[in-house]
Amino acid sequence: MANYTREDILRIAEEEDVEFIRLQFTDIFGTMKNTAITFSRLEKALNNECMIDVSSMEGFYRNGEEELYLYPVLDTFCILPWRPQQGKVARLICDVYRADGTPYKESPRYILKQAKELAAAKGYTFQVNPECEFFLFHTDDNGRPTTTTHEQAGYMDLSPVDLGENARRDIVLTMEDMGYDVASSHHEIAPAQHEIDFTMSDVLETADKFMTFKVAVRTVAKRHGLHATFMPKPKADVNGSGMHINMALYKEGKNVFADASDPLNLSREGRAFIAGIFAHIEGMTAFFNPLVNSYKRLVPGFEAPSDITWSSTQRTALMKVCRNSRREQTIELRSPDPSANPYLVFALCLAAGLRGIEAGLELSPELEKDLRKLSGEEKQAQGIRSLPKNLDEALNKMEQDPWIGQTLGSLYTEHYAKRKREEWENYSRQVSEWELGQYLYRI
């Protein structure tokens with residue numbers, strides 16, 4: 001990420017003929033919002049004088065306060081490569097503040113900044129690398145999205161079988177034009193499913209990248225006549241899309257998770273970090289998998305995890321212990337999906353993991369057998385817990401875990417739970433095509 005000053009941004013914007021600047025911010029559900037200004041208002045924006053009215057925004061907690069201020073994060077200044085080259089468009093990601101100059105504490109970006117600063121105070125730096133999966137589907141004659149695809153490509157297939165290769169290539173090149181370092185990209189298991197991976201980097205920087213990535217994917221896909229969706233499970237009979245989180249923790253420049261004397265190169269602190277996440281994973285699932293649809297992915301029979309296990313070999317484990325050729329040690333959390341708010345996912349993982357280290361939590365034994373070969377009785381005998389089976393159960397677990405409210409803030413969690421309960425209740429009232437097919441003629 002560039003290290004810009006206020007003067008740098010004003011100079012670059014003038015030299016590059018930037019006429020429009022999007023001031024972007026994220027609501028509590030992880031939806032990118034923005035207000036746009038012209039170049040003539042850029043200096044005012046850089047003075048933190050741009051105000052937003054949140055009275056009509058559902059993703060903000062309002063307590064009689066409807067006007068908030070946007071404080072641009074200078075290092076996030078970027079010219080959008082998909083916009084016109086004459087009269088260019090740039091963007092700045094912003095922090096949200098109250099009128100009295102204090103941070104808006106319900107802002108997801110603020111929550112992650114706080115978690116990062118608390119870790120830094122203890123000497124830790126946290127790096128992550130999300131594996132971002134999504135589908136590219138056709139649109140109909142009116143440009144509306146469908147779940148139709150003509151391809152039948154599978155894992156790491158290439159063209160001409162992979163019909164989305166050109167769109168995926170353009171997405172990667174667009175991200176690189178914006179200064180992002182993309183590690184790799186490939187076709188995923190399901191037809192029309194793709195994955196693009198970042199390199200490991202600072203946790204806050206990566207969350208900003210992920211929000212921008214989703215906008216870029218949708219924009220480039222549209223140019224190819226396709227619709228990109230990060231919906232976790234758009235089709236019932238194929239694998240869903242995940243957002244696997246690869247994590248590494250450092251202290252004094254050393255990888256805290258690594259221990260060359262351990263057979264898995266996994267340190268005592270690394271085991272305690274995983275144990276800390278497992279201690280709160282049921283409640284955190286309400287944020288890692290925030291949609292009704294999310295739980296259609298977390299079912300047995302596909303590669304997404306449904307039980308709370310860890311392994312260095314089993315792909316169905318919730319947490320995978322990974323080691324590369326340089327003996328660096330990372331751990332991979334496999335339950336989050338791309339509909340999740342990355343600021344909250346990363347903040348919760350970091351806070352829970354550090355809590356595990358500080359408490360010296362013991363990690364359960366490694367899963368050495370394919371979960372699909374274990375009966376319910378065998379799982380119970382081994383003390384294997386399961387992830388929540390639906391959004392309602394996840395919200396119940398969240399509300400039963402006071403640590404989550406302490407970590408994210410009570411106002412945030414209360415508002416989040418209220419809105420998500422409404423979503424669940426609305427879903428519960430619907431009559432699905434499956435129900436009609438099962439019961440309409442027989443009952």
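All figures in this text were calculated on a predicted structure; none of them were measured in a lab. (Residues numbered from 1 in each chain as written. Predicted model: local features only at pLDDT ≥ 70, side-chain atom pairs only at ≥ 80, totals over all residues. Heavy atoms only, no water.)

Q: Is there a simple way to explain helix α3 (residues 108-121) in this structure?
A: In an α-helix, one full turn covers 3.6 residues, which means residues spaced three or four apart are oriented alike. Over its 14 residues, α3 extends 20 Å from the first C-alpha to the last, a length consistent with the 20 Å expected when each residue adds 1.5 Å. Every buried residue belonging to α3 is among P108, R109, Y110, I111, L112, A115 and A119, and all of these are buried. Of the residues trailing α3, G123 is marked for its positive phi of about 95°. (Helix = DSSP H or I, 4+ residues; strand = E, 2+ residues; numbered from the N terminus. Expected span 1.5 Å × (residues − 1). Buried < 20%, exposed > 50% of the residue type's maximum accessible area, 1.4 Å probe, protein only.)

Q: It is not clear to me how the environment of P300 should be interpreted in this structure. Could you clarify?
A: Within the secondary structure, P300 is located in the loop between α7 (294-297) and β14 (310-311). When the C-alpha positions of P300 and L371 are compared, they lie 9.1 Å apart, and in sequence the two are 71 residues distant.

Q: Can you walk me through the packing of aromatic side chains in this structure?
A: Each pair of aromatic rings is reported with the distance of its centres and the angle of its planes. The final tally for this structure, using the stated rule, is 16 aromatic pairs. Ring geometry for Y412 versus Y416: centroids 6.2 Å apart, planes at 15°, classification stacked. Remark: Y416 and Y412 occur in helix α12 (residues 410-428); sequence separation between them is 4 residues, near one turn of the helix. The exposure class assigned to Y416 is buried, which follows from its relative accessible area of 2%. (Phe/Tyr/Trp six-rings, centres within 6.5 Å; stacked < 30°, edge-to-face > 60°.)

Q: Whenever I open this one, helix α6 (residues 268-288) confuses me. Can you help?
A: Under the 1.5 Å per step criterion, the end-to-end length of α6 is only 26 Å for 21 residues, more than 12% shorter than the ideal 30 Å. Of all the bends found along α6, the most pronounced is centred on I281 and spans about 75°. Counting buried positions along α6 yields 17 of 21 residues, so the element is predominantly enclosed. (Bend = angle between axes of the 7 residues up to and from the residue.)

Q: Teacher, can you tell me more about the pairing of strand β12 (residues 243-251) here?
A: Of all 9 residues making up β12, 8 are buried, and the element is well covered by its neighbours. One ladder, built from 9 bridges, connects strand β7 (residues 124-138) with β12; its direction is antiparallel. Opposite F126, over in β12, you have L249 as the bridge partner. Here β12 runs beside strand β16 (residues 329-333); their pairing, made up of 3 bridges, is antiparallel. (Pairing = 2+ DSSP bridges.)

Q: Is there a simple way to think about the pattern of salt bridges in this case?
A: Between side chains of opposite charge, pairing is possible as soon as their charged atoms come close. Scanning all chains against the criterion turns up 24 salt bridges. We note a salt bridge from E43 to R6, for which the minimum N-O separation is 3.3 Å. A residue pair is termed long-range when its members are at least 10 positions apart, and E43 in helix α2 (residues 42-46) and R6 in helix α1 (residues 6-15) qualify at 37 residues. When its relative accessible area of 44% is taken as the criterion, E43 is described as partly exposed. Since its relative accessible area comes to 22%, R6 is described here as partly exposed. Where R11 meets E15, a salt bridge forms, and the shortest distance between an N and an O atom there is 3.5 Å. (Salt bridge = Lys/Arg side-chain N within 4 Å of Asp/Glu carboxyl O.)

Q: Just to check I follow, could you spell out the side chain of D208 for this structure?
A: Mapped onto the fold, D208 is located in helix α5 (residues 203-223). Overall, D208 belongs to the buried group, its relative accessible area being 2%. Setting aside anything within four residues of it in sequence, one finds D208 in contact with T76, I93, R109, Y180 and Y343. (Contact = heavy atoms within 4.5 Å.)

Q: Got a minute to help me understand the UniProt feature "binding site: ATP" (unreviewed entry) in the protein chain in this structure?
A: As annotated in UniProt, the feature "binding site: ATP" (unreviewed entry) corresponds to R315 in the numbering used here. Mapped onto the elements, R315 comes out in the loop between β14 and β15 (319-323). Residue classification places R315 among the partly exposed positions, given a relative accessible area of 47%. If we skip the residues at most four places from it in the chain, R315 touches E303 and R334. (UniProt positions renumbered as here; feature names shortened; annotations may be inferred.)

Q: Help me understand the packing of helix α10 (residues 391-399) against α12 in this model?
A: Two measures define how a pair of helices packs: the angle their axes make with one another and the distance between the axes. For the pair α10 and α12, interaxial distance at closest approach is 10 Å and the crossing angle is 160°. It follows from the interaxial angle that α10 and α12 lie roughly antiparallel. Note on packing geometry: the crossing formed by α10 with α12 is left-handed. Here L391, D392, L395, N396, M398 and E399 of α10 lie close against α12, whose contacting residues are T413, Y416, A417, K420, R421, E423 and W424. Split into classes, the residues belonging to the contact of α10 with α12 amount to 6 nonpolar, 2 polar and 5 charged. (Axes fitted to C-alpha atoms, helices over the stretch in contact; angles between N-to-C directions. Parallel < 35°, antiparallel > 145°, perpendicular 65-115°, else oblique. Left-handed = near helix turned anticlockwise from the far one by under 90°. Nonpolar A, V, L, I, M, F, W, Y, C, P; charged D, E, K, R; others polar.)

Q: Explain a nonpolar patch on the surface here, please?
A: Among the surface-exposed residues, V431, L436, L440 and Y441 lie close enough to one another that they form a single nonpolar patch of about 480 Å² accessible area. As for its position among the elements, V431 is in the loop between α12 and α13 (433-439). Relative accessible area serves as the criterion here: at 60%, V431 is assigned to the exposed category. (Patch = residues over 30% accessible without salt bridge, like charges linked within 9 Å, V, L, I, M, F, W, Y side chains within 5 Å. Areas by Shrake-Rupley, 256 points an atom, 1.4 Å probe, with all protein chains shown as cover.)

Q: Would you mind going over unusual backbone geometry with me for this structure?
A: Trans is the common state for peptide bonds, and a negative phi is the common state for residues other than glycine. Its identity is not glycine, yet M156 carries a phi of approximately 60°, on the positive side. Residue M156 is classed as partly exposed on the basis of its relative accessible area of 49%. You will see that A192, though not glycine, has its phi angle at about 75°, which is positive. In this fold, A192 is placed in the loop between β8 (182-187) and β9 (193-198).

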